[in-house]
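# Tertiary structure, described
Residue strings, one per chain:
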Amino acid sequence: MPDYSIYVLDEADITLSSGQLDGVTQGDGSHLVGVTLTLNTPAFTEIFIRDNDPNFQDNDGSQRLDGAQEIDGTTYSDGTRVEAEYSFVVRDTDDPLLTEYTLIAFNVRNSSPAYGTVEGLAFIGPQGGFPPIGANLEVISAQEGPSFNAGEYAMPICFDRGTRIATPDGVRAVEDLRVGDMVQTMDHGPQPIRWIGRRKAWGVGSYAPVEFAPATLGNASTLRVSQQHRILIRDPKAALMADSSEVLVAAKALVGQPGVSVCENRRVEYFHLLLDRHEIVCADGIWSESLHPGPMGLASLPEAMRADILSLMPELADGKARPTARPVLRNFEAVAMFAA
């Protein structure tokens, strides 16, 4: 089984105002500063990787493709070495808030010099870590030697099929809910579902769900969610990091706590629930988040899903940031909180 996976957008799906992504200046990315780039499609490819540590980084000979995989139109054999050649920060100049994103140059080390090619881009951040498609992203800085934990790379969030969602009329399986149905929220009572999305996958790598065994967080039955789906945690220690004793934590950051594990080797069908605002909903007895309706949350979805949402909720096309229902802890902050 792969040790982890990350999502990569092929170089062919990215437009630059000048130059190229390739590591033409010793692989430090400095040649991109001042360049504007655009992501033309949300066709992110999940890349499965074997590694001897949890970081996908530069100059690490242990990072190998887990199985033959196609990247930017070329199929590379099992065991091909890959790395994070450089990182850079972009600023969305179409966004009044000038939101910034960290991107990683994904390098297949089969050229001469080894740093001379960049086959695509990966993205740092939890749900919402993907920049908007079609936006003008200005490169404002670049860094050589990136090293990020695989859990910090962006991926979508969602509930697994069979999850039972609390509604004013009792619990219902997530796959039985429809647009317009009411779900119970922690802060605003019953709220209508504005949009539902679904996708099927084989539950391996970053697609493998995180499983919460019965009684883990007061739940009577098992809950399975995607790894970056955020769970409500109540802990006085959280106030030291977020000025609130209630915080949202990615499910993956809870793995290893009693009753929380990754469930590999099963088919999954993930469901997204979008409400008018980011809410806390009750799923199998555990309070967790709905899909975040801000531009970063929508950017994590395939283009067809995003277009569907904007046709129903055109007000979300304004590019404005929307608040999260609770402060969000980064993965390392959550780990530190539980270790304290």
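Criteria and thresholds
- Residues numbered from 1 in each chain as written.
- Predicted model: local features only at pLDDT ≥ 70, side-chain atom pairs only at ≥ 80, totals over all residues.
- Heavy atoms only, no water.
- Pairing = 2+ DSSP bridges.
- Helix = DSSP H or I, 4+ residues; strand = E, 2+ residues; numbered from the N terminus.
- Salt bridge = Lys/Arg side-chain N within 4 Å of Asp/Glu carboxyl O.
- Buried < 20%, exposed > 50% of the residue type's maximum accessible area, 1.4 Å probe, protein only.

## Topic: the sheet that holds strand 9 (residues 82-92)
Ordered in space as 2-3-12-9-10-11-1-4-6, the nine strands form an open sheet in which the pairing is antiparallel. Only two strands of the sheet have a single partner each, and these edge strands are strand 2 (14-16) and strand 6 (64-65). Note that strand 2 and strand 3 (residues 36-39) share three bridges and pair antiparallel. Following the sheet pairing, Ile14 is matched in strand 3 by Leu39.

## A look at the pattern of salt bridges
Counted by the stated rule, this structure contains 18 salt bridges. Across the pair Glu175 and Arg161 runs a salt bridge, and its minimum N-O distance is 3.7 Å. One end of the pair, Glu175, is in the loop between strand 16 (170-173) and strand 17 (182-185); the other, Arg161, is in the loop between strand 14 (159-160) and strand 15 (164-167), with 14 residues separating them in the sequence. Overall, the relative accessible area of 15% leaves Glu175 in the buried class. The partner of Asp318 in a salt bridge is Arg322, with the nearest N and O atoms 2.7 Å apart. The class of Asp318 is partly exposed, set by a relative accessible area of 33%. Connected via shared salt-bridge partners are Arg161, Glu175, Arg198 and Glu269.

## Overview of the pairing of strand 10 (residues 100-108)
Among the nine residues of strand 10, seven are classified as buried, and the element is accordingly described as predominantly covered. Across nine bridges, strand 9 lies against strand 10 in antiparallel orientation. Bridge pairing links Tyr86 to Ala105 in strand 10. Looking at chain direction, strand 10 and strand 11 (residues 120-123) are connected through four bridges and run antiparallel. Directly across from Ile104, in strand 11, lies its bridge partner Ala122.

## What about unusual backbone geometry?
Both trends apply: most residues other than glycine have a negative phi, and most peptide bonds are in trans. With a phi angle near 75°, Ala215 is a residue other than glycine that sits in the positive phi range. Turning to its location among the elements, Ala215 is positioned in the loop between strand 20 (210-212) and strand 21 (223-225). Assessed through its relative accessible area of 61%, Ala215 is described here as exposed. Backbone geometry at Asp284 places phi at a positive 50°, although glycine is not the residue there. With respect to the helices and strands, Asp284 occurs in the loop between strand 26 (280-283) and strand 27 (286-289).

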